[in-house]
Amino acid sequence: MNFKSNPASAAEAREEIRTYLANELEANPADIQTKVIYNTELPWVDGRKQQCYLVEWSVANGSDGVALAGPYTYTLPDVSQAEAKRLGSLHEWRQQLLNLYAGCELAAQARMKQALVDVYDPNRTKQLLEALQNPAAPRFAVRCSLREFIRIGTDEYYIFNGDWVHNPNFSYSPTFGFKPRKEDPTLKLPVEQENIQIKPHKFLTPVPPVGADGAYPGEATGFIMVKNGQVVDASCSAWARSVVDKVAMFYFLGKEIGPFAITLQG
């Protein structure tokens, strides 16, 4: 990541990304192709309007991606051009990338300016894990473990590995919400959670029983976002989820406190 003044033109943005990638990838600049695909002035994370350029790049060896030139220079090395376009329609995936880069800058600035941003409280984290995995709740996490943590100011952001199981021992209605069907609604799970099958089911709808195939109603999300102890549901499509999973913390920060609204269609 390189903080600097904004490029003054698309040509400068292309050259900036080429120079940046030549250093990062130890590649010959002549082997790097760049193309500006979007540019706009945006209210950035520093509160000022900044000119931002999204630049597609490819290297002769076959790797490619979409970089940002503007308030700083960066590319998400794990997200290819094809994967970036899974993030939504034409305007959506460009907007999503800008949010991801905003989230990346928020994380970088916090780490430079604030001590111990990546150090979580083990007791509080243990309590969160226990609450997420409570099998007596209407929805609870399986295959759950801590992946990432960061503190921005006084706000705490967690990314947990995990998938949701919707407890069939509860009924649901829009009027009364979730009601236990039995005195003890605890759902018994197999010891080996890695083998749990999850059948797609939307939360806040009547919960069906466990199917004859042994699959539990729920959502195979892969990651769970928690801000200040509260679950924040990710509204990304199944097509986009595998991409977001790679950069979940940046997505989370950009979604919650970045300068742009995120709207994804399911």
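It should be emphasised that the depicted structure is a prediction, and the values quoted were computed from it without experimental measurement.

## Some details on the overall build of the chain
And then number 1: Tallying secondary structure elements over the chain gives six helices and twelve strands in all.
And then number 2: Here the C-alpha coordinates of the chain stretch approximately 65 × 40 × 35 Å along the principal axes.
And then number 3: In the chain, buried positions account for 46% of the 266 residues.
And then number 4: Taking all contacts inside the chain whose residues are at least 6 apart in sequence as the whole, residues at least 24 apart take part in 60%.
And then number 5: Element-wise, carbon and sulfur atoms account for 50% of the exposed surface of the chain, whose accessible area totals about 13400 Å².
And then number 6: Each charge sign in the chain was given a centre, from 27 positive and 30 negative side chains, and these centres are 5 Å apart.

## What to know about the pairing of strand β7 (residues 155-166)
Both faces of the sheet carry side chains from a regular strand, because those side chains alternate between them.
And then number 1: Taking burial as the measure, the twelve residues of β7 include ten buried ones, the bulk of the element.
And then number 2: In this sheet, β7 lies alongside strand β6 (residues 139-152) in antiparallel orientation, the contact comprising eleven bridges. Paired with I152 across the two strands is D155, which belongs to β7.
And then number 3: Between β6 and β7, which pair antiparallel and follow one another directly, the connecting turn spans two residues, one of which, G153, has a positive phi of 65°.

## Examining the packing of helix α3 (residues 90-113) against helix α6 (residues 248-257)
And then number 1: Put simply, α3 and α6 touch, their axes get as near as 7 Å, and they point 100° apart. It follows that α3 is roughly perpendicular to α6 by the angle criterion. The residues of α6 that touch α3, namely those facing Q96, N99, L100, G103, C104, L106 and A107, are F250, Y251, L253, G254, K255 and I257.
And then number 2: Class assignment for the residues of the contact of α3 with α6 results in eight nonpolar, four polar and one charged.

## Remarks on the pattern of salt bridges
And then number 1: According to the stated counting rule, one finds twelve salt bridges in the structure shown.
And then number 2: Taking the shortest distance from any N to any O, the salt bridge between E156 and R124 comes out at 2.6 Å. Of this pair, E156 sits in strand β7 while R124 is found in helix α4 (residues 122-132), placing the two residues 32 residues apart along the sequence.
And then number 3: Take R124: its relative accessible area is 35%, and that puts it in the partly exposed class.
And then number 4: One salt bridge connects E156 with R151, and the closest N-O pair in it is separated by 3.2 Å.
And then number 5: By relative accessible area, which is 10% here, E156 ends up buried.
And then number 6: Look at the salt bridges and you will find they share partners, linking R124, R151 and E156 into a network.

## Things to note about the pairing of strand β9 (residues 177-180)
And then number 1: Where strand β8 (residues 170-173) lies against β9, four bridges are found, and the strand directions are antiparallel. Its bridge partner being in β9, Y172 is matched across the sheet by F178.
And then number 2: Hairpin remark: β8 followed by β9, antiparallel, with three residues in the connecting loop.

## Points about helix α5 (residues 238-246)
And then number 1: Those residues of α5 that sit buried are A240, R241, V243 and V244.
And then number 2: Residues of α5 that are buried sit in contact with α2 (81-84), β11 (216-227) and α6.

## Points about the side chain of T34
And then number 1: The residue T34 is located in strand β2 (residues 32-43) in this model.
And then number 2: Taking relative accessible area as the criterion, T34 reaches 13% and is therefore assigned buried.
And then number 3: Here R14 takes part through its backbone oxygen, which lies 3.4 Å from a polar atom of the side chain of T34.
And then number 4: The contact partners of T34, leaving out residues within four places of it in the chain, are R14, I17, R18, V55, E56 and W57.

## What to know about the packing of aromatic side chains
And then number 1: All chains considered together, the criterion is met by eight aromatic pairs.
And then number 2: Between the aromatic rings of Y157 and F252, the centroid separation amounts to 5.1 Å while the plane-to-plane angle is 85°, which identifies the pairing as edge-to-face. Within this pair, whereas Y157 is found in strand β7, its partner F252 is found in helix α6, the two being separated by 95 residues in sequence. F252 shares its class with Y157; the two are buried.

## As for the confidence of the model for the chain
And then number 1: For the chain, mean pLDDT is 89; residues scoring 70 or higher make up 95% of the total.
And then number 2: Looking across the chain, the model is least confident in strand β1 (residues 2-3), with a mean pLDDT of 52, and most confident in α4, with 97.

## A closer look at unusual backbone geometry
In terms of backbone geometry, most residues other than glycine have negative phi values and most peptide bonds are trans.
And then number 1: Phi at E26 is positive, roughly 55°, even though this residue is not glycine.
And then number 2: Examined against the element boundaries, E26 turns out to sit in the loop between α1 (10-25) and β2.

Criteria and thresholds
- Residues numbered from 1 in each chain as written.
- Predicted model: local features only at pLDDT ≥ 70, side-chain atom pairs only at ≥ 80, totals over all residues.
- Heavy atoms only, no water.
- Helix = DSSP H or I, 4+ residues; strand = E, 2+ residues; numbered from the N terminus.
- Buried < 20%, exposed > 50% of the residue type's maximum accessible area, 1.4 Å probe, protein only.
- Contact = heavy atoms within 4.5 Å.
- Areas by Shrake-Rupley, 256 points an atom, 1.4 Å probe, with all protein chains shown as cover.
- Lys, Arg positive; Asp, Glu negative; His and termini not counted.
- Charge placed at Lys NZ, Arg CZ, Asp CG, Glu CD.
- Pairing = 2+ DSSP bridges.
- Axes fitted to C-alpha atoms, helices over the stretch in contact; angles between N-to-C directions.
- Parallel < 35°, antiparallel > 145°, perpendicular 65-115°, else oblique.
- Nonpolar A, V, L, I, M, F, W, Y, C, P; charged D, E, K, R; others polar.
- Salt bridge = Lys/Arg side-chain N within 4 Å of Asp/Glu carboxyl O.
- Polar contact = N/O pair within 3.5 Å; in protein donor to acceptor, adjacent residues only side chain to side chain.
- Phe/Tyr/Trp six-rings, centres within 6.5 Å; stacked < 30°, edge-to-face > 60°.
- pLDDT = per-residue confidence, 0-100.

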